[in-house]
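Descriptive analysis of the structure
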Amino acid sequence: MASTCLPKVTHAIFDVDGLIIDSERLYTEVTQRILDEFGKTFTWEIKSKQMGRKETESAKVIIDEMQLPLTVGEYLERMRVHKEELFPTVHLLPGAEKLIRHLHKYKVPIAVATGSDSHGFELKTSRHKELFGLFQHIVLNSEDPEVRHGKPAPDCFLVAAKRFPDNPGPERVLVFEDVPNGVEAAHAAGMPCVWVPDPQADRDSLADKATVILDSLEMFVPADFGLPSYDS
Ligand SMILES: O=c1[nH]cc([C@@H]2O[C@H](COP(=O)(O)O)[C@@H](O)[C@H]2O)c(=O)[nH]1
């Protein structure tokens, strides 16, 4: 799409897992460790249904789909043990830090909306606290009382937008997402969305809902959406 056709935005909301940090790889490892107990193999088909959802909703998906003999509480307790080992090691993904620092420097209001709970969020961001401190607010869908439904419902993005002091209209808020449930949620919220999909995702399936599709945040051009250009 030509950049002249793209909406001009003034605010941005970021997903976290698989967009800012390389945690989707770790979720796959943690999940497979649990499935090993039951001699089962994690698949992309099931992972794509889980990604972006609240922790409890995502646990229900895998328990049902793989017919695991576990309650949601038992599943989440197993996750917690493995997450505590792996999540603090997570790395930033290419282009994320540059973009977040740039928007912050030019006073573009930025926020986070993630399916994560606070325990997981603390673990995942423990090495990157200063960077995550640049966001005006963080919406944790798993625990936020105003987020009634997780992604693919639009709640988290509408709540995050409403918390910007000037309460921008949805068309002025650019969402950055990596997961299909998140692209659906942004579209349902009436917000333009930059989709940075996993290489395994079916890009055609959401071509009408994502405003642009990029291989990496490194390829994002802020001026295309009316945002300040990177310093040369
Ligand atoms: O392999 C997985 N990826 C992601 C999730 C879920 O997706 C959330 C990440 O959401 P987001 O992409 O909105 O940061 C996680 O907290 C978790 O609930 C999961 O369960 N399993």
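Just so we're clear, the structure is a prediction, and the values are computed from it rather than from any experiment.

One number sums up the size of the largest pocket: a volume of about 260 Å³. As for the largest pocket, its lining consists of 16 residues, of which Gly 18, Leu 93, Val 196, Pro 197 and Asp 198 are closest to the centre.

This part takes up the pattern of salt bridges. Summed over all chains, the structure comprises 23 salt bridges. Notably, a salt bridge pairs Arg 101 with Glu 97, separated by 2.9 Å at the nearest N-O pair. With Arg 101 and Glu 97 both in helix H5 (residues 96-105), this residue pair falls four residues apart, about one helical turn. Residue class for Arg 101 comes out partly exposed when judged on its relative accessible area of 31%.

Next up on the list: the nonpolar core. In this structure, Phe 14, Ile 20, Tyr 75, Phe 176, Val 194, Phe 220 and Phe 225 are the most contacted members of the largest nonpolar core, which totals 50 residues. For this core, the element with the highest residue contribution is helix H1 (residues 24-36), accounting for five residues. Leaving out residues up to four positions away in the same chain, Ile 20 has contacts with Phe 14, Asp 15, His 91, Leu 92, Leu 93, Ala 96, Ile 100, Phe 132 and Phe 135. Formed by 23 residues, the second largest nonpolar core is a distinct cluster that contains Ile 13, Met 191, Trp 195 and Ala 210.

Bringing H1 into the picture now. The terminal C-alpha atoms of H1 lie 18 Å apart, and with 13 residues this matches the ideal 18 Å at 1.5 Å per residue to within 8%. Among the residues making up H1, those that are buried are Glu 24, Leu 26, Tyr 27, Val 30, Thr 31, Ile 34 and Leu 35. In this fold, the buried residues of H1 make contact with helix H2 (44-50), helix H3 (55-65), helix H4 (72-86) and helix H6 (118-125).

In this structure the tally under the stated criterion is one cavity of 30 Å³ or more. Here the largest cavity is characterised by a volume of approximately 260 Å³. Lining the largest cavity we find 23 residues, and of these Tyr 27, Gln 50, Met 51, Gly 52 and Ser 58 sit closest to its centre. Elements that contribute at least two residues to the lining of the largest cavity include exactly H1, H2, H3 and H4. When the residues that make up the lining of the largest cavity are grouped by side-chain class, the tally is eight nonpolar, seven polar and eight charged.

What counts as what
- Residues numbered from 1 in each chain as written.
- Predicted model: local features only at pLDDT ≥ 70, side-chain atom pairs only at ≥ 80, totals over all residues.
- Heavy atoms only, no water.
- 1 Å grid on protein atoms, 1.4 Å probe; cavity = no way out; pocket = protein on both sides within 12 Å on 5 of 7 lines; lining within 4 Å.
- Points joined across faces, edges and corners; volume = space filled by probe spheres on them.
- Salt bridge = Lys/Arg side-chain N within 4 Å of Asp/Glu carboxyl O.
- Helix = DSSP H or I, 4+ residues; strand = E, 2+ residues; numbered from the N terminus.
- Buried < 20%, exposed > 50% of the residue type's maximum accessible area, 1.4 Å probe, protein only.
- Core = buried A, V, L, I, M, F, W, Y, C linked by side-chain atoms within 4.5 Å.
- Contact = heavy atoms within 4.5 Å.
- Expected span 1.5 Å × (residues − 1).
- Nonpolar A, V, L, I, M, F, W, Y, C, P; charged D, E, K, R; others polar.

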